[in-house]
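Reading the structure
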Amino acid sequence: MTVLITRPLAAAKRTEQTFQSAGITTWLAPVLAIIPIPATINPIAYDAIITTSGNGVESFAIHTQNRDLSIFCAGAVSAAIARELGFQSISYPDIPGAKDLITLVKHSSFKRLGYIRGEVVKIDIAEELANIPGMHIDTHITYKTVPTTDWSHETVGLFHAKKVTAITFYSEHSARIILDLLKSHSLLYYTSSITALCLSDAISDIIQMNIWKNIVIGSTSEELAANLLETSVKVG
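Residues numbered from 1 in each chain as written. Predicted model: local features only at pLDDT ≥ 70, side-chain atom pairs only at ≥ 80, totals over all residues. Heavy atoms only, no water.

This next bit is on the overall build of the protein chain. The helix and strand tally for the protein chain stands at 9 helices and 11 strands. In terms of overall dimensions, the protein chain is globule-like: its C-alpha atoms have a radius of gyration of 19 Å, near the 18 Å expected for 236 residues. Over its C-alpha atoms, taken along the principal directions, the protein chain stretches across nearly 60 × 35 × 30 Å. Across the 236 residues in the protein chain, those meeting the buried criterion constitute 48%. Counted over contacts in the protein chain with a minimum sequence separation of 6, partners at least 24 positions apart contribute 61%. Carbon and sulfur atoms form 53% of the exposed surface of the protein chain, whose accessible area is close to 11500 Å². Distance between charge centroids for the protein chain: 3 Å, based on 18 positive and 21 negative side chains. (Helix = DSSP H or I, 4+ residues; strand = E, 2+ residues; numbered from the N terminus. Rg over C-alpha atoms; globule rule 2.2 N^0.38 Å. Buried < 20%, exposed > 50% of the residue type's maximum accessible area, 1.4 Å probe, protein only. Contact = heavy atoms within 4.5 Å. Areas by Shrake-Rupley, 256 points an atom, 1.4 Å probe, with all protein chains shown as cover. Lys, Arg positive; Asp, Glu negative; His and termini not counted. Charge placed at Lys NZ, Arg CZ, Asp CG, Glu CD.)

Laid out in structure tokens, this is it:
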């Protein structure tokens, strides 16, 4: 059993430890590179932090060892990453996305907020909350993402040798990149014998166009590893 871990490298290494602790062999094949952008952030200046992606959570965690600071996440997926990184006070909307995150922040009691985001965003949370009386938001652009355009010869070789038994899908963005890589390397044929490990229902919806051996959903890496082992036992 070999699980292809597709998260950005730093997160992939943490996930690798989780799966290996469960006795599962792993292979790192990140499909996104996170490029840090220098930023000066003073966490004690804020009542809470707003992030709109797991990458935002990751980039903020680099700037502070304080895990007691309240953090707003865009949904359950990024909230799971925040828990993985040790944050204790995490809020996120039931329906993932910027619109419901904005509503959640609006109804909070926090007034001094730091907004951590990437170089490119669809919706600028700070702009959307700019007119809330008494609320002050500082924007910190801390990273940019670069998609992987090719898999290594060794990674592709694992598919041809039929050694890939599962692939991780940790975000909707990376799910689309993985599908593109499978297509560009003519590997879609192999997905019928591969289990897809998805961190949310929304991610699983994106990959439904493919035939998979199984689609396993879990809210954390630990849960995905346990569900994969349970599914493998049932199938076996």
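As summarised here, the arrangement of the 6 strands in space is β3-β8-β7-β4-β5-β6, forming an open sheet in which the pairing is mixed. Looking at the sheet topology across the chains shown, the edges are occupied by β3 (32-36) and β6 (90-91). Pairing between strand β5 (residues 70-72) and β6: 2 bridges, direction parallel. If you follow Phe-72 over to β6, its bridge partner there is Ser-91. Contacts from helix α2 (residues 54-63) reach β3, β4 (48-51), β5, β7 (112-118) and β8 (136-147) within the one sheet, and its direction differs from that of β8 by about 110 degrees. (Pairing = 2+ DSSP bridges. Axes fitted to C-alpha atoms, helices over the stretch in contact; angles between N-to-C directions.)

Residue-level pLDDT values for the protein chain average 91, and 98% of them are 70 or greater. Confidence, read as mean pLDDT per element, is least for helix α9 (residues 221-235) in the protein chain (83) and greatest for strand β2 (residues 25-28) (98). (pLDDT = per-residue confidence, 0-100.)

One side chain can pair with another of opposite charge once the charged atoms of both are near each other. The full count for this structure, using the stated rule, is 5 salt bridges. Arg-112 is the partner of Asp-47 in a salt bridge, and the nearest nitrogen-oxygen pair spans 3.0 Å. Of the two residues, Asp-47 sits in the loop between β3 and β4 while Arg-112 sits in strand β7, which places them 65 residues apart along the sequence. Exposure remark for Asp-47: the relative accessible area of 26% places this residue in the partly exposed category. (Salt bridge = Lys/Arg side-chain N within 4 Å of Asp/Glu carboxyl O.)

In this section: the environment of Asn-55. Within the secondary structure layout, Asn-55 lies in helix α2. Overall, the relative accessible area of 18% leaves Asn-55 in the buried class. A sequence separation of 23 residues divides Asn-55 from Ser-78, and the C-alpha atoms of the two residues are 8.0 Å apart.

The subject of this paragraph is the pairing of β7. Of all 7 residues in β7, 6 are buried, a share of seventy percent or more. Here β4 runs beside β7; their pairing, made up of 4 bridges, is parallel. Within β7, the position partnered with Ile-50 by the bridge is Tyr-115. Bridge count between β7 and β8: 7 bridges; the pairing is parallel.

In this section: the nonpolar core. Counting residues in hydrophobic clusters, the biggest one holds 40 residues, and the most contacted among them are Phe-19, Trp-151, Phe-159, Ile-167, Phe-169, Ile-207 and Trp-212. Of all the secondary structure elements, the ones that give two or more residues to this core are β1 (2-5), α1 (9-21), α6 (153-160), β9 (166-169), α7 (172-184), β10 (195-198), α8 (201-207) and α9. Take this core: its biggest share by element is 6 residues, from α7. Other than its neighbours up to four places away in sequence, Phe-169 contacts Ala-175, Ile-178, Ala-196, Leu-197, Cys-198, Leu-199, Ile-203, Ile-207 and Trp-212. (Core = buried A, V, L, I, M, F, W, Y, C linked by side-chain atoms within 4.5 Å.)

Residues Thr-2 and Leu-4 line one face of β1 and the alternating positions Val-3 and Ile-5 line the opposite face, and both faces are buried. Examined bridge by bridge, β1 and β2 share 4 bridges and lie parallel to one another. What sits directly across from Val-3, in β2, is Thr-26. Regarding the hand of the β-α-β motif, the stretch spanning β1, α1 and β2 is right-handed. Here 2 bridges tie β1 to β9, and the two strands are oriented parallel to one another. (Right-handed = clockwise from strand over helix to strand, strands pointing away.)

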